[in-house]
Structure formats: C-alpha cells, structure tokens
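Given next are the chains, with one letter for each unit.
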Amino acid sequence: MSDDTSGRGCSRRGALKSLGGMGTAAALGGLAAGEGAAAERPAAEEPRPASAQEEIAERVRATPLVDTHEHLPDEEVRLRGEGVCCDDWAVLFSHYLDSDLVVAGMPPGARDQLLSAGPDPLEKWRLLAPYWPAVRNTGYGRAVQVALRELYGIEELSEAVIPALQQAYEALRKPGMYQKVLVEAAGIESCQVNCLWRPYRESRQPTLLMQDISFLGLHLGPEIDVFAGPAGKEVRDLADWHGVIDWWFDTYARYAVAVKSQGAYRRGLDHDDVPAERAEPAFRKVLAQEPLLAAEQKDLEDHLFWYCVRRATEHGLPVKLHLGYYAGENYMPLGRVERNVAQASDLCRLSPDTRFVFMHIAYPCWQELLAVAKHYANAYVDMCWAWIIDPVSSKEFLKRFLVTAPSNKILPFGGDYIPVEPVLGHARLARQGIARALVELVEEGWLSPRDALELVEPILRGNARALFRLEEKERNLSAAPWR
Ligand SMILES: [Zn+2]
C-alpha cells in the first residue's frame, strides 16, 4: 500500500492443507517445459538431468525470501480481531481486492457490508459472487486464490464451499499463525513492517516482524500529539519539534531497519531544502491551529522532510519512499504520480549520502525508474506490492533491471498487506515472476544458466540483508527490552 490507512482488510482461519509444501508447481508457473510430466514420471524411469530452467525455478522456490514491506499488525493484535476490518473469510478480500471489486462495479455499500462484522459467511458470498469472475484473474485476485488453495484447500470459490472456508479460516487463526503462513508456507525469513497505527511498533516477534520508523507524521501535518506524547515532550516551537524527531531516532534507530514515508499520496516529492528560519513561522501557525497558506505548508513539510532524512542518514537508516500507484480506487491523480520518478532523481542528487529505496517500481513509470537505479549510486528499487498490481510488467521490470542496473540495487518482494494470509499468494506470484524473468534472460541469451543461478540468493535475500544491515538488527532486536 501501500498505504491506504483505512485499515480495511482482514483474515481468518484455515485448514492448512498444503502448508508444508511451497507449491512447486505454482512457483514454477509452468515455465519449465514438461515439469508436470516429470512429476508424474514412473519411478522406474531413469531420471533425466534437470534442465537449466528447472534448476533456476527450483533454486528460486527453495531460497528464503526477505520481505521488505508489510503492514501486518502483530499476531496477538490480529488474534484479538484488531487491525483488520472483520474476522471471517472476507478479510482476504479487504486489502486490496475490494478495490478491484468496486472498480468492477460492486456498489461501495456492498463492499462495506462484505468487509463488516455483520453479515454471516453465506450472505457475504452473495455480495461477492456477481463480481468475483471479473476480478479473479487480476494480481490481487490471484494472490487471494493462492491463499484459498494453499491455506484452506479451497480450489474453486463457490457458495457450496463457504461453510468449509469459514471453518478453515477459524482453524488457522490461532497462535502460531504468522509462523505457519509467513515462514513455513511462504518461505519468508523476515518481514519489514511499516506500522500504520503508530510510528514504531515494539513487536513481540521482533526478528520476524522487523519494523520501519514511519516518519510520515513527523514531516506532514505534523502530527504533534501522536509523536510528542510517547516522547514525553512539550512542543512550543520548531526546536522542540526537532527534539521530538531526535527522540524517535535516538530511541529506535538501532532497532529499526529503515524509515518510511508515503507522503507521495498527499503531495509531490519536490522537497526543497528549506532552512529552519523559513519554516518556523508556519510551524507556529500549526501550534496555534491557524490555517496555512499553501506555500507555508510546503516550506514546513520540505524543511521537516530533510530534517528527518538527515537524522536517518546519520543513523545509517535507508529512506523508503512510496512512489507511483495509489491504493484504493477512484481518486488517483496520475499527473502527479507521473512526476514522482523525476523528483526522486532530484532527491538522490540533493543527498548523495542517503540511501533511498523507491517503492512499488513507481508503477506505472517503471521504465524511468530503471534510469534512476542505473544512474544514481544511492537509488535502490523495492518491488513491494508490484507483483499484485501488474504481475506481467513486474516480470518485465525485473528482467530489464538485471541487464541494465547493478543487481545489488534490487529488492524483489514485499507483500504490502495488512492481513497475513494473502502474503503467501503474493510471495508465490513473486517467486513465479522472478524465476520466469531469469529463465527468459537465459533463453534469450542475455545470461548464462550459471549467471542466472548465482543471482538468485542475492536477489531474494542477500541484497536486503546487506542494505538494511539485518545481521546487526537481528542482534539488537534479540536483546530489545520489550521482547
Ligand atoms: Zn505499503
């Protein structure tokens, strides 16, 4: 989401029919010719050597994945039914498939009912059924279908299977659910969570659910009560607010993997380096709850953006920025979105010591983002959310990235979900796309099979471990006082 903070979405229980397996066939996505036939070959037949395609797909399937972007609430929060819109099977449709449903024609009121705590499971199916055929093949739809199949054993959604689906949902929604879905089923080694409800969550599963510091409210708004309260500071002027920002970094930087802002949902990324003196009058107006002129607002936001980015850089934290497509429906100003990548290149030039992570392949402006990743040493690209927005373009993006920009600049996966269940489906789509991209590069003669195989571990795991210094973070988090 990235980042629709509506909190719609949810999830439920599950029969865990095929949790043990990683779904090889799904991971391969049919890319290895004859793969299905190989699985059915009689035992007596001489095994033939694996083709390069099969080897690549198998390595992608078996390599642990670092998931660099999620919005998951802590498991204990989820098990209390909080952080999600409802607590039945419909939660899988809440984030993000509900948007495709509304765009397909579902009345927003019906969507609200589907995702509310009110209707019984069968009533919910009747709300969904007319629109399901139109959305089942989008990336959002595919991710949910994989989750239904792998977590609950539901091959085909229909009225007849709803009682079993609901029962399976409840069976999965028990302590240990995150371990089963994320680690055992999806092969995820660790996640990086951007908490939507507080600036930094002290997770009870700190090394599985690593956290970003969300600095959105430190530079937009700013949200004085939200941030100053936990810091125990009174804010009477801009210097006091700087002190609040410093407190968040001093307290959590050693545990956080990065800082994150989705400010691009509200404004452009044209952040000028505005000095404190020019921002001070606007900040005083905020404190006095007086309206700001647009220019004053921009000055203040720009100043605070750079104040936060400099703190992050001093603490060695990469700066993750939302770029591109908007979660939700019927409001995205594409003209503004299209300026994101050019503005991101300005940020790279203004602060060469900051490592910027540009998220979501800036969809749909991913070709321009290739140029930024190739040109700027401090530009990294995170493919989080992308495989379910547009799976085919995502495969194409990765393919081109690997023969255009240095391969240590790519982070291939973040589920970007609030409910944990569809993360599995998204991870499967990502593995399928990553394998397919590598195989096509081999088939077309751009990579040797050996080159392709050697890229798998760094892409899925090594790049993220190095960029976010995960070994050090794991050590710090293992000794965190709240665990
Ligand atoms: Zn997000």
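Keep in mind that this is a model prediction, so the values were computed, not measured.

> I tried to follow the overall build of the protein chain on my own but got confused; where do I start?
When you go through the protein chain residue by residue, the secondary structure sums to 24 helices and 8 strands. Evaluated residue by residue, the protein chain yields a buried proportion of 52% over its 483 residues. For the protein chain, long-range pairs separated by at least 24 residues make up 77% of all intrachain contacts whose partners lie at least 6 apart in sequence.

> Would you mind showing me how to read the nonpolar core here?
What tends to happen in soluble globular proteins is that the nonpolar side chains get buried as a cluster. By size, the foremost hydrophobic cluster in this structure holds 151 residues, and its most contacted members are Val181, Cys308 and Phe358. Here this core takes 11 residues from helix H22 (residues 421–443), the largest share from any one element. When residues no more than four places from it in sequence are discounted, the contact partners of Phe358 are Leu321, Leu323, Ala344, Leu369, Ala379, Tyr380, Val381 and Asp382.

> Sorry, what's going on with the packing of helix H18 (residues 340–350) against helix H19 (residues 366–375) here?
When two helices pack together, their arrangement is captured by the angle between the axes and the distance separating the axes. Where H18 contacts H19, the axes come no closer than 9 Å and their chain directions differ by 10 degrees. As the angle between them shows, H18 and H19 are arranged roughly parallel. Contacts between H18 and H19 involve Val341, Ala344, Ser345 and Cys348 on the former and, on the latter, Glu368, Leu369 and Val372. Classifying every residue of the contact of H18 with H19 by side-chain character gives 5 nonpolar, 1 polar and 1 charged.

> Explain unusual backbone geometry here, please?
Glycine aside, negative phi is the norm for most residues, and most peptide bonds take the trans geometry. For the bond from His95 to Tyr96, the omega torsion is 25 degrees, close enough to zero to count as cis. Mapped onto the secondary structure, Tyr96 falls in the loop between helix H4 (75–79) and helix H5 (97–103). We note that Gln289 has phi near 55 degrees; this positive angle belongs to a residue other than glycine. Note that Gln289 resides in the loop between helix H15 (276–287) and helix H16 (294–314). Classification of Gln289 as exposed rests on a count of 6 C-beta atoms within 10 Å. You will see that Trp385, though not glycine, has its phi angle at about 75 degrees, which is positive. Tracing the backbone shows Trp385 in the loop between strand S7 (379–382) and helix H20 (386–389).

> What am I meant to see in the sheet that holds strand S4 (residues 258–261) here?
Each strand in a sheet pairs with another by means of backbone hydrogen bonds, the pair being arranged parallel or else antiparallel. Pairing within the open sheet is parallel, and its 8 strands lie in the order S1-S2-S3-S4-S5-S6-S7-S8. Each having just a single partner strand, strand S1 (65–70) and strand S8 (410–411) make up the two edges of the open sheet. Bridge count for S7 against S8 is 2 bridges, and the pairing is parallel. Bridge pairing links Val381 to Ile410 in S8.

Calculation notes
- Residues numbered from 1 in each chain as written.
- Predicted model: local features only at pLDDT ≥ 70, side-chain atom pairs only at ≥ 80, totals over all residues.
- Helix = DSSP H or I, 4+ residues; strand = E, 2+ residues; numbered from the N terminus.
- Buried ≥ 20, exposed ≤ 12 C-beta atoms within 10 Å, placed from the backbone.
- Contact = placed C-beta atoms within 7 Å.
- Core = buried A, V, L, I, M, F, W, Y, C linked by C-beta atoms within 7 Å.
- Axes fitted to C-alpha atoms, helices over the stretch in contact; angles between N-to-C directions.
- Parallel < 35°, antiparallel > 145°, perpendicular 65-115°, else oblique.
- Nonpolar A, V, L, I, M, F, W, Y, C, P; charged D, E, K, R; others polar.
- Pairing = 2+ DSSP bridges.

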